Amino acid sequence: MPRSDNSPDLLVALHFLGGSARTWEPVARRLAGTVGCLALDLPGFGAAAGTTGYDVAAMADHVAAAIRAARPRRFALAGHSMGAKVALALARRSEDGDPDLAGLSHLVLVAGSPPSPEPIAEERRRAMLAWIGADAETRAREARAFIRQNVGAPLAPGDEDAATADVLRAAPDAWRAWLESGANEDWAARIGVLRTPALILAGGDDADLGPAGQAALTAPHLAHARTRVLDGAGHLLPLERPDAVAAEIAAHLAAAAPADPAPARIPADYAALIASERVNPRLRAALVERAEPDDPAYAPAALDPVALALLRAVVARVLPEAGFDIAARLDARLASGAGDGWRFSRLPPDAHAYRAGLRSLDAAARAEGAPFLARDGAGRDALLRAAQEGRLAVPETADPRLDAEQMVLWFEDLRADAVRTYLAHPATLARLGFSGIGAGGTGTPDPDGLARNLPGFVRTGRNDPEPWEPEPWEPEPWEPGQSAPAEAVR
Amino acid sequence: MNLDGMRHHALNEAVDAVVIGTGAGGAPVLARLAAAGLRVVALEAGPNFAPAAFAFDETLADEIYWTGERLSGGTTPEAFGANNSGTGVGGSTLHWGAFVPRPDRRDLALHTETGEGCDWPVGLDELVPFYERVERFIGVSGADPYPWDPGRRYPLPPVPRNGPAEIMALACGQRGLRATDAPAAVVSRPFAQEGGPEREACINCGYCHQGCRNGAKASMDVTYLPLALRHGAEIRPGSVAHGLERDASGRVTAVVYRRDGVDHRQLCGAVFLCAGAVETPRLLLNLGLANASGQVGRNYMGHVATQVWGSFPDPIRMNRGYPSSLISEDMVRPRDADFAGGYLVQSLGVQPLTLANAVARTRGLWGPALHACLDGYNHLAGIGINGETLPCDENRLTLSDETDALGLRKAQISFGYSENERRLNAHATALMRDLWEAAGARDIWVLERVAHTLGTCRMGRSGDAAVVDPYGRSFDIPNLWISDGSTFPSSLAANPALTIMALALRSAEAFLERARDG
Ligand SMILES: Cc1cc2nc3c(=O)[nH]c(=O)nc-3n(C[C@H](O)[C@H](O)[C@H](O)COP(=O)(O)OP(=O)(O)OC[C@H]3O[C@@H](n4cnc5c(N)ncnc54)[C@H](O)[C@@H]3O)c2cc1C
Ligand code: SF4
């Protein structure tokens, strides 16, 4: 595998609940020629079973200390399940300028626990809490059962024995701490949107943290993420599929750094019109500003990252060919509090309505089997059509929630807000062949504040264009680029 | 507008009148009182603009819309903001369409004619001289002769027709409807504005709704307000009136307003409340004033303003030219009507964002269908109506529990069509569809829309059933006058602003007469 300049010289790897540094051994062996691997024991696990500090921040401190000691020039951070949440917390610290973590170049999230509370069935959680402190025989039986429940196909007997032994080696307090609080810690707001290029690996047969869970809960926090699904695999991917995991990691570490966002594509004729005397300077400045590329790691201000991802997904169905990040601009407008002078009295204030509308849409999608973000275009359209027609079944448990009738109004507002942003963009005006921007120029302002000698239009009738008026422009199909929502690539 | 050299009045100087709001209702009052030598101060919530800085852009035009939030409900919720509510020195006339038909004589006596709606406490004959004065003063361009009122003469020749107007003329010709160049408060020739700057002729830019940059459109800041200033009036922009102080006898003695975060108190002999048909009743309800009749906020009306759109093979480029340059008044009383009153028909060109908003919001398109419709912008043309809405007790402005930054409760407007509006709308929709089919339109679609803000402080002859008398004076508070769209007892088919200006002059003169008579 050729190494790019961006390639790290160390892969720091964090294990799952009940695992240890040993979990990563099969993968580390396969990566040996590519990158060195520093697999760590998290507090309470493996050789660190005697170490305390089980919450996410404490685990992150523990890892940060190990990284400081290793002094890598550039390093990648891989986390499996519980370890992924710690890796995300460390990535946030790195991006916020922590000098010890300055060399972070890549993230690898393997069947990762998301920044938000991890979805886990209450019954399962209770069972896991019960047997960890039981008698030795029960513990041994249940530990093995735990490993078996989490794989797509049985592990080789030796591997299963080792994994079971790791579970039994864990400090029961650490195990309980994760289940009772660590997994429930809500880091969504703190983690926000990370810029670090990330690889998401998901087991096709994993339950809560499989492809759908990754798309709905983790991908929204990553500006540059590629998702790979390992079909037939369960939750313990480094043990189940070390070949595939190593190969995917190697490819990820070798990939070129994400490109800067591409500038807006505006045809030369239209760009020349914008630059010409026919366009007044205030409008020209506004058009230039609106053409600025959007930051792919835009940190939402009114919504949370998951809601922003939902909004991007909805907007992509409303205006599939827009070519820029309308959702981010809508979020900024919502956060600014600039309203348009009214709202439907059936709806709560705008920002709240957006949060509730997006949550309700996703809740309805989940009730029908899959989160909105885990659905394909047709699946998303079907839900939006139901919303538009007042027949979206929004579960009572959605919080905040809009009812079906409110969803009709909110989706109407959303469409209006989206086109408003769309039509402000010069690429859109170029596409329409819109001549209005050229009606003015500067003229000569007089002391009364009026503009004199503006060109305006001489011809007003149909089929009678002025020679300078632009023709509509047909852009090539838009390639979802940097500012596109993170989509699962299978 | 240029406020340099404006006369200033001290806060503790009891001026003769404070005018709250500088739109279609406030500006003529301010000018008329100042011209009579009165000391007058206008408080305007919005900023003062230099029209040259308007940018020919629908997003940058947000600055001239009233963005204080209103809650819109009822069975036909009306959009506010860019749809019908402006702010700034000049009020909604900064972005109005300047389409200025006079009302039909019959509309002012609808109840007598049909048993529906209500009669105005003033007839057309009394109003015509005011209309003529306003039209001459602000510079109205229009057809000569005007087919539905042969005696009428407009001071200026019509502005050029644009694509949608040409198409509507063609369609009306085919269906035997009379149509002609619309009366527009837009000067088709350079115009020597009495008391104000010389106004250049319309340049056909098509941006009337985003603010006219050269003064061709008659907004208040290039017509009545410069005249007012010349006669010594003072205009205070950025000043939101939120309190009225009264003496023991109940007369208003001062207006409290907030400017740059600080409250001020202007002493005065009288108040003209001209904040528009939403803010005027909202203020009165918040203050609990002038509502012995219980009518404040009632009979809120928006016009039935349905539009029909279609796509044509020829490029239309409807962004060019004065947007509504053709009118038909043939439907003011349709022969086959099953409803009271009638409607005006006008041609329509709109800028792309306005169009897109309608397509996405009301037509309900999204996805590839939305793109396809918007991509066809240069081939679209529209036709629309302005139709009578009968006053209705259910349609009402009340106060919400939510408050604004000043602590005033927000307006909550509940509006819905009744049977008469539904029938009128159905009639008009069928007619417009037919016209657009006659013109060869493809992909015809209907945009249901409500326009304008009217009613809520109706005028009438009795204080039991009306908020103000036929001249705009409050029945409850003798030195409080209202001059804006809120005093309309019924909507009339005609667009409102010309009538608001005519009534404003009439109110001001009634006020002067009373002052003279002591
Ligand atoms: C897009 C659009 C197109 C239109 N087209 C036409 C048309 O073609 N023909 C037509 O006849 N009519 C048209 N109208 C309607 C017309 O503009 C209005 O009917 C008319 O301006 C209303 O006059 P008004 O005095 O009632 O209120 P406005 O003109 O709205 O004036 C009210 C003023 O009061 C100010 N104000 C409000 N509250 C306060 C406060 N508390 N303190 C101080 N100031 C306050 C506001 O800022 C505003 O400036 C259009 C309106 C819009 C928005
Ligand atoms: S079309 Fe004429 S009146 Fe309207 S904004 Fe342009 S110049 Fe002014």
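Residues numbered from 1 in each chain as written. Chains lettered and ligands numbered in written order. Predicted model: local features only at pLDDT ≥ 70, side-chain atom pairs only at ≥ 80, totals over all residues. Heavy atoms only, no water.

Chain B is annotated in an unreviewed UniProt entry as Fructose dehydrogenase large subunit of Methylobacterium hispanicum.

Going by the annotation in an unreviewed UniProt entry, the name recorded for chain A is 2-succinyl-6-hydroxy-2, 4-cyclohexadiene-1-carboxylate synthase, with Methylobacterium hispanicum given as the source organism.

## Notes on the site of ligand 1
All names here are of chain B. The environment of ligand 1 is formed by 38 residues, the closest being Glu 44, Thr 87, Ser 92, Gly 97 and Ala 497. Between ligand 1 and Ser 92 there is a distance of 2.6 Å, counted from an oxygen atom to a side-chain nitrogen or oxygen. Take Ala 98: an N or O atom from its main chain is 3.2 Å from an oxygen atom of ligand 1. Protein chains bury 94% of the 1,000 Å² of accessible surface belonging to ligand 1 in isolation. (Near = heavy atom within 4 Å. Polar contact = N/O pair within 3.5 Å; in protein donor to acceptor, adjacent residues only side chain to side chain. Areas by Shrake-Rupley, 256 points an atom, 1.4 Å probe, with all protein chains shown as cover.)

## Details of the confidence of the model for chain A
Here chain A shows a mean pLDDT of 94. Residues at 70 or above account for 96%. Per-residue pLDDT stays below 50 along residues 480-490 of chain A; that stretch engages in 22 contacts with residues further than four places along the chain or on separate chains. (pLDDT = per-residue confidence, 0-100. Contact = heavy atoms within 4.5 Å.)

## Some details on helix H14 (residues 305-318) of chain A
All names here are of chain A. A rise of 1.5 Å per residue sets the reference length of H14, with its 14 residues, at 20 Å; its end C-alpha atoms lie 20 Å apart and thus fit the reference within 8%. Counting buried positions along H14 gives 12 out of 14 residues, so the element sits mostly inside the fold. All of the buried residues along H14 are Pro 305, Val 306, Ala 307, Leu 308, Ala 309, Leu 310, Leu 311, Arg 312, Ala 313, Val 314, Val 315 and Val 318. Regarding H14, its N-cap is Asp 304, as a side-chain oxygen of that residue lies 3.1 Å from the backbone nitrogen of Val 306 further along. (Helix = DSSP H or I, 4+ residues; strand = E, 2+ residues; numbered from the N terminus. Expected span 1.5 Å × (residues − 1). Buried < 20%, exposed > 50% of the residue type's maximum accessible area, 1.4 Å probe, protein only.)

## A short note on the sheet that holds strand S7 (residues 252-259) of chain B
Residue and element names in this part refer to chain B. Overall, antiparallel pairing links the 3 strands, which are arranged S6-S7-S8 in an open sheet. The open sheet has two free edges, formed respectively by strand S6 (239-246) and strand S8 (262-267), since each of these has just one partner strand. Neighbour-to-neighbour, the strand axes of this sheet turn through a mean angle of 25°, independent of strand direction. As defined by bridge partners, S6 adjoins S7 across 7 bridges and the pair is classed as antiparallel. Within the sheet, the bridge partner assigned to Ala 241 lies in S7 and is Tyr 257. (Pairing = 2+ DSSP bridges. Axes fitted to C-alpha atoms, helices over the stretch in contact; angles between N-to-C directions.)

## Things to note about the UniProt feature "domain: AB hydrolase-1" (unreviewed entry) in chain A
UniProt's entry tags residues 13-247 of chain A with the feature "domain: AB hydrolase-1" (unreviewed entry), counted in the numbering of this structure. In this annotation, residues 13-247 of chain A is assigned 44% helix and 14% strand; the end-to-end C-alpha distance for the span is 15 Å. (UniProt positions renumbered as here; feature names shortened; annotations may be inferred.)

## Describing the side chain of Asp 381 of chain A
Assignment of secondary structure puts Asp 381 of chain A in helix H17 (residues 377-388). Asp 381 of chain A gets classed as buried once you look at its relative accessible area, which sits at 15%. Polar side-chain contacts of Asp 381 of chain A include one of 2.8 Å to the side chain of Arg 317 of chain A. For Asp 381 of chain A, the residues in contact, after removing those within four places along its chain, are Arg 317 of chain A together with Trp 366 of chain B.

## Details of the UniProt feature "domain: Glucose-methanol-choline oxidoreductase C-terminal" (unreviewed entry) in chain B
Under the UniProt annotation, "domain: Glucose-methanol-choline oxidoreductase C-terminal" (unreviewed entry) lies at residues 393-504 of chain B. As annotated, residues 393-504 of chain B comprises 25% helix and 27% strand, and the C-alpha atoms at either end are separated by 26 Å.

## Considering the site of ligand 2
Near ligand 2 the following residues occur: Val 186, Cys 202, Ile 203, Cys 205, Gly 206, Tyr 207, Cys 208, Cys 212, Asn 214 and Lys 217 of chain B. Its residues assigned to classes, the shell around ligand 2 comprises 7 nonpolar, 2 polar and 1 charged. (Nonpolar A, V, L, I, M, F, W, Y, C, P; charged D, E, K, R; others polar.)

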